Amino acid sequence: MEKTKFEVLQTSDSISFVFSSTFDNIDRVCERATRFLQSKLQNISNQLFSINLVVREGLTNAVRHGNASDPEKNVKCLLLIENKKKIKFVIEDQGNGFDWQKQQQVQTDDNKDHGRGFLIIQTYFTRYSYNKKGNILYLEKDISSG
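Read on for an overview of the structure. The structure presented is a predicted model; accordingly, all values stated were derived computationally and were not measured.

### Regarding the packing of aromatic side chains
Counting across every chain of the model gives 4 aromatic pairs. Geometrically, the ring pair formed by Phe89 and Phe125 is tilted, given 6.4 Å between the ring centres and 55 degrees between the ring planes. Of this pair, Phe89 sits in strand S4 (residues 86-92) while Phe125 sits in the loop between helix H4 (117-124) and strand S5 (127-130), placing them 36 residues apart in sequence. Grouping residues by exposure puts Phe89 and Phe125 together as buried. Ring geometry for Phe98 and Tyr130: centres 5.1 Å apart, planes at 85 degrees, overall edge-to-face. Of this pair, Phe98 sits in the loop between S4 and helix H3 (100-103) while Tyr130 sits in strand S5, placing them 32 residues apart in sequence. Take Phe98: its relative accessible area is 31%, and that puts it in the partly exposed class. One aromatic cluster in this structure is built from Phe6, Phe17 and Phe19. Of note, Lys141 hangs over the ring of Phe125, and the distance from its end group to the ring centre comes to 5.6 Å.

### A word on the pattern of salt bridges
A full pass over the atoms with the stated rule returns 7 salt bridges. The partner of Arg35 in a salt bridge is Glu31, and the shortest N-O contact between them spans 2.8 Å. Taken together, the residues Arg35 and Glu31, both in helix H1 (residues 23-40) and 4 residues apart, mark about one turn of the helix. Linked through salt bridges whose partners overlap, the residues forming this network are Glu82, Lys86, Lys88, Arg127, Glu140 and Asp142.

### Quick notes on H4
Residues of H4 that are buried: Gly117, Phe118, Ile120 and Ile121. Down the axis, H4 shows its buried residues gathered within 160 degrees of arc, on one side only. The outward face of H4, more than 90 degrees from its buried face, is lined by the exposed residues Leu119 and Thr123.

Rules behind the numbers
Residues numbered from 1 in each chain as written. Predicted model: local features only at pLDDT ≥ 70, side-chain atom pairs only at ≥ 80, totals over all residues. Heavy atoms only, no water. Phe/Tyr/Trp six-rings, centres within 6.5 Å; stacked < 30°, edge-to-face > 60°. Helix = DSSP H or I, 4+ residues; strand = E, 2+ residues; numbered from the N terminus. Buried < 20%, exposed > 50% of the residue type's maximum accessible area, 1.4 Å probe, protein only. Lys NZ or Arg CZ within 6 Å of the ring centre and 35° of its normal. Salt bridge = Lys/Arg side-chain N within 4 Å of Asp/Glu carboxyl O. Arc of directions from axis to C-beta.

Now the structure itself:
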């Protein structure tokens with residue numbers, strides 16, 4: 001019987017997750033992160049769709065590509081609220097990483113069901129980067145009051 005990990009640690013301005021690489025756990029992270037944001041930021045509702053879209057993209061890539069959907073490998077995700085003006089996500093997988101700077105130059109093929117992650121991230125978040133290895137994604141979104 002397979003037991004999957006799903007750990008949550010919450011503080012007043014952050015929530016972090018460590019979870020087994022399964023798609024069900026991505027849903028759980030998004031649900032908990034949404035509830036956390038709603039409890040801490042009054043005017044976040046109109047931005048939740050775009051936040052969830054980007055975070056789901058990052059988590060899916062960590063599970064699917066980084067950890068090769070291996071439930072024995074974990075993904076770490078940290079959500080931090082800074083001064084109620086900015087949210088930051090850090091998503092880390094246990095994979096070998098990738099050359100993200102080279103990959104973001106690749107042209108998106110409209111006929112494929114993947115390869116739009118950078119476009120989605122750039123559209124909805126203020127800043128993003130990876131560590132040198134390419135297995136940690138850093139996301140930042142400036143949040144307006146409206």
